[in-house]
Amino acid sequence: MIDTLRLTAEEATRLLREREISSAELYAAYREAIDARDPELHCYLHVCDDDGGEGIPLAVKDVIGTKGIPTTAGSKILEGYLPVYDATVVERCKANGLRVLGKTNTDEFAMGSSTENSAYGPTRNPWNTSRVPGGSGGGSAAAVAAGLAPWALGSDTGGSIKQPAALCGNVGLRPTYGTVSRYGVVAFASSLDQVGPVARTVRDCALLYSILAGRDPCDSTTVDLPQPVALPERTDLTGVRVGVPVEFTDHEAIEPGVRDAVQAAIELARGLGAEVGECSLPRSLDYGLPCYYLIAPAEASSNLARYDGVRYGYRTANATDRLDMYKRTRDEGFGDEPKRRVLVGTYALSAGYYEAYYGQAQKVRTVLIREHAEAFERFDVLLTPTSPTVAFELGAKTADPIAMYLNDLLTIPSCMAGLPGLNVPAGLSDGLPVGVQLIGPQFSENTLFRVGHALETAIGFDPVPLPLRGGLLR
Amino acid sequence: MAIDREQLLHVAHLARLELRDDELERLGMQLNDIIDAVSKVSELDLSDVPPTSHPLDVVNVWAADEPRPCLTVEEALANAPEREGDYFKVPPGGAT
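Residues numbered from 1 in each chain as written. Chains lettered and ligands numbered in written order. Predicted model: local features only at pLDDT ≥ 70, side-chain atom pairs only at ≥ 80, totals over all residues. Heavy atoms only, no water.

Visitor: Break down the overall build of chain B for me, citing the residues and quoting the values.
Guide: Counting secondary structure elements, chain B contains three helices and two strands. Relative to a compact globule of 96 residues, whose C-alpha radius of gyration would be 12 Å, chain B shows 22 Å and is clearly more extended. Overall, chain B is about 50 × 45 × 20 Å in size when its C-alpha atoms are taken along their principal axes. Sorting the 96 residues of chain B into buried and exposed places 29% on the buried side. When the accessible surface of chain B is totalled, it reaches about 6,600 Å², and 53% of it is carbon and sulfur. Here chain B holds 8 positive side-chain charges and 20 negative ones, and the gap between their average locations is 6 Å. (Helix = DSSP H or I, 4+ residues; strand = E, 2+ residues; numbered from the N terminus. Rg over C-alpha atoms; globule rule 2.2 N^0.38 Å. Buried < 20%, exposed > 50% of the residue type's maximum accessible area, 1.4 Å probe, protein only. Areas by Shrake-Rupley, 256 points an atom, 1.4 Å probe, with all protein chains shown as cover. Lys, Arg positive; Asp, Glu negative; His and termini not counted. Charge placed at Lys NZ, Arg CZ, Asp CG, Glu CD.)

Visitor: Requested: an account of the packing of aromatic side chains, with residues and values cited.
Guide: Residues and elements named next belong to chain A. Summed over all chains, the structure comprises 14 aromatic pairs over all chains. On the basis of an interplanar angle of 35 degrees and a centroid distance of 5.8 Å, the ring pair of Trp 127 and Phe 461 is categorised as tilted. Note that Trp 127 is positioned in the loop between strand 3 (98-104) and helix 4 (138-145) and Phe 461 in the segment after helix 15 (445-459), a separation of 334 residues in sequence. Residue Phe 461 is classed as buried on the basis of its relative accessible area, which comes to 17%. Taking the ring centre of Phe 392 as reference, the NZ or CZ of Lys 397 above it sits at 4.3 Å. (Phe/Tyr/Trp six-rings, centres within 6.5 Å; stacked < 30°, edge-to-face > 60°. Lys NZ or Arg CZ within 6 Å of the ring centre and 35° of its normal.)

Visitor: Provide a residue-level description of the nonpolar core, including the pertinent values.
Guide: Most often, soluble globular proteins keep nonpolar side chains buried together rather than apart. All names here are of chain A. Membership of the largest hydrophobic core comes to 163 residues, with the highest contact counts inside it found for Tyr 44, Ile 64, Phe 109, Leu 153 and Leu 422. With residues near it in sequence (within four places) discarded, Leu 153 still touches Leu 58, Ala 59, Val 60, Lys 61, Ile 64, Val 89, Cys 93, Ser 140, Val 195, Gly 196, Leu 208 and Leu 212. The next biggest cluster of nonpolar side chains, apart from the first, holds six residues, and it includes Val 132, Ala 166, Ala 391 and Phe 392. (Core = buried A, V, L, I, M, F, W, Y, C linked by side-chain atoms within 4.5 Å. Contact = heavy atoms within 4.5 Å.)

Right, dumping it as structure tokens:
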């Protein structure tokens, strides 16, 4: 009997290879779990029927294009849209023995940190169903946590892989910018977006990353990895210099339970042989959010201009002429958050305001890059909380956009610098997961995997949500 | 107040958004809060700091000028809200 709550992709691969189970049995196990638990959790916007295909099932965030499979980006403006080609990341997964299990729920156009901005309803956190799974990739994180997929693809712009992973108790990697192709992925902010793996273990995460990564001729911002992905083996941290940015651990927005779990992880790292020291990233913490909430919306205002009702997606029924069609289509098709961001971005780029807002934000970005680079002269990896809080109640922050933006306080700065970040579950606080964020220099994924794997082994976190423990569920 | 109703209408027009009255009210207020918050970037004196547009500098990414298969006309029109022959059909008129 296949226990989807505990099966890793690595183990599933072995079982298939040694013919202990068949692809059909594997698919059936996940389908059964989805039928049982997804009506309540709403991780999936679309589940693929068994087409007799082979391979390890993979859940795919609904901002990633899948040929012939509905792709909505969590928006009404793409309701019914069927891509006519696969994103490169999907092609690579298929070529490596994976099959698309379904498309997971997301904040609309990946804009949000709770999945409550999805036009199709929120996803619930499997650890406590009155709480959010995080966002924008809440569907992927919740699906993996609830045993509804062995692993998933997510996308991260300001923390949309890392933060849901923290809130749902799984492992999520935001890769070095440029190592994973964005071709076929619904664009939000082109200098920030990266597709990455969400999994139950660091090794699974590394395995999926190795399938995704590498230069794509269809995405000219991609490069090859300087060295191949190394699946982590060692469980000690001898010789690793771990930096703890004081502003990221002492900030008043961080809940005591989160602080305690992260502190325990720091002590563990020390015990495993790491050299742990403090560093300071003051500008990154103070100016990271405003910098991101200028640059990302500016880029989004450009990327979302294509949704005009002409070639695909929703078109208003009420247009008097073509200009009217564009405007009404977009007002009727977009939800509030994309509208807010498009408006902020358009304003920041408009004549007379460009230098003061967007131009200045680009300079702040340089400051953030330099601040991180300085820290990496003394340390191999930085360790911080991923999210200031554990999963909050559905509806708690939806009335206040800025309160919602604060969820990204700790994930955004390294995203702005193009740096990779790995969330590793560190423990529980009031029965809800807490994650640590490991940040490294560009192309340091192997270091992140090594540190993550060692911590994961030492921490011994059980990724099965508390309400779902106690044996196999039908 | 950073952005008044006139400016908001102008920005909405640039963004090709037809905002309803209740949206002008609600989004207008939220926009002002957001612009207020992001204006924090102007606190820093960055006159001698170069801007960053790309976190990873890749230069001269060439592709050979060779024809490759691409979408067929049918594929390209597959999701058209309205189509006539090999064309996407749209209402006439109304500036751009």
